[in-house]
Amino acid sequence: MTTRDIVLIALFAAITAVMAVFPPITLPLLPVPVTAQSLGVMLAGGVLGARRGGLAILLLLVLVAIGLPLLSGGRGGLAVFVGPTAGFLLGWVAAALAIGWMTERFWDGLSLVTATLICVAGGIVVMYAFGIPGVALAAGVPLSTAFAGSAAFIPGDIVKAVIAAAVMVAVKRSYPIIGQAA
């Protein structure tokens, strides 16, 4: 791991943390807020690749675990890892890894459409695969209720996927970080 890798990992952990400043929106049915931080997860994987993107999100979660209020609403500490959002937080790491892995595989032919599909697959499908069971378990609701409640997040997450994809394609053209991955 180079100094450049460490700087990029820290930068994307910080970018994802800063996205917590946008006020969270809580939807009915689920105690999980809508935040801009999942956009940071998509960007970390899509710009840095699997290894560095996953490490950026893992760094963020370690900082949250030690008590820094880096999540939406100024939340931090170990309690967030046993609450309704715990599955989504763990899903952030898996999503960054999945998005990064897919982006690395399709790097040469990366387009807005391909990048959007990658962000949807990793940033929605993978993240929800962790988040929905986590909500059901922590909130004591049936999986079907957690799934139905999570459906309200999908339109916003699709918008975030398109934004992340546009950034990924722009970065590829101007400064191909993944293409220079060690």
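Residues numbered from 1 in each chain as written. Predicted model: local features only at pLDDT ≥ 70, side-chain atom pairs only at ≥ 80, totals over all residues. Heavy atoms only, no water.

Chemist: Tell me about the packing of aromatic side chains, and name the residues and values.
Modeler: Scanning the entire structure with this criterion turns up one aromatic pair. Note on Phe88 and Tyr128: the rings are 5.8 Å apart at their centroids and 85° apart in plane angle, and the pair reads as edge-to-face. Of this pair, Phe88 sits in helix α4 (residues 86-105) while Tyr128 sits in helix α5 (residues 112-139), and the two are 40 residues apart along the sequence. In this structure Phe88 comes out as buried when scored by relative accessible area, which is 10%. Overall, Tyr128 belongs to the buried group, its relative accessible area being 8%. In this arrangement the basic side chain of Lys172 is found over the ring face of Trp107, its NZ or CZ atom lying 5.9 Å from the centre. (Phe/Tyr/Trp six-rings, centres within 6.5 Å; stacked < 30°, edge-to-face > 60°. Helix = DSSP H or I, 4+ residues; strand = E, 2+ residues; numbered from the N terminus. Buried < 20%, exposed > 50% of the residue type's maximum accessible area, 1.4 Å probe, protein only. Lys NZ or Arg CZ within 6 Å of the ring centre and 35° of its normal.)

Chemist: Before we move on, can you summarise the UniProt feature "transmembrane region" (unreviewed entry) in the protein chain with the specific residues and values?
Modeler: Mapped onto this structure's residue numbering, the UniProt feature "transmembrane region" (unreviewed entry) falls at residues 55-72, 78-102 and 109-130. Secondary structure content for residues 55-72 is 61% helix and 0% strand, and the end C-alpha separation is 20 Å. Taken end to end, residues 109-130 is 86% helix and 0% strand, and its first and last C-alpha atoms sit 29 Å apart. (UniProt positions renumbered as here; feature names shortened; annotations may be inferred.)

Chemist: Explain the environment of Leu71 to me, using residue names and the numbers behind them.
Modeler: Considering the arrangement of structural elements, one finds Leu71 in the loop between α3 (50-65) and α4. Given the relative accessible area of 2%, Leu71 is considered buried. It is 8.9 Å that separates the C-alpha atoms of Leu71 and Thr35, two residues lying 36 residues apart in sequence.

Chemist: Give a detailed account of the nonpolar core, specifying residues and quantitative values.
Modeler: By size, the foremost hydrophobic cluster in this structure holds 49 residues, and its most contacted members are Phe12, Val41, Ile57, Trp92, Met127 and Tyr128. Among the secondary structure elements, those contributing two or more residues to this core are α1 (3-18), α2 (37-48), α3, α4, α5 and α7 (154-174). Apart from residues no more than four positions distant in its own chain, Met127 is found in contact with Ser38, Val41, Phe88, Gly91, Trp92, Ala95 and Gly122. (Core = buried A, V, L, I, M, F, W, Y, C linked by side-chain atoms within 4.5 Å. Contact = heavy atoms within 4.5 Å.)

Chemist: So what's going on with the pattern of salt bridges? Which residues, and what values?
Modeler: Side-chain pairs of opposite charge can arise where the charged atoms are in close proximity. Counted according to the given criterion, the structure contains four salt bridges. When the shortest N-O distance is used, the salt bridge between Arg51 and Asp5 registers 3.6 Å. Taken as a pair, Arg51 in helix α3 and Asp5 in helix α1 lie far apart in primary sequence, 46 residues in all. Residue Arg51 is classed as partly exposed on the basis of its relative accessible area, which comes to 38%. (Salt bridge = Lys/Arg side-chain N within 4 Å of Asp/Glu carboxyl O.)

Chemist: Can you explain helix α6 (residues 143-150)? Please cite residues and give values.
Modeler: Every α-helical turn comprises 3.6 residues, leaving residues that sit three or four positions apart pointing alike. Listing the buried residues of α6 in full gives Ala146, Gly149 and Ser150. Along the axis of α6, the buried residues cluster in a sector spanning 100°; they form a single face. Within α6, the exposed residues directed more than 90 degrees away from the buried face are Ser144 and Phe147. Summarising the contacts, the buried residues of α6 are in contact with α4, α5 and α7. (Arc of directions from axis to C-beta.)

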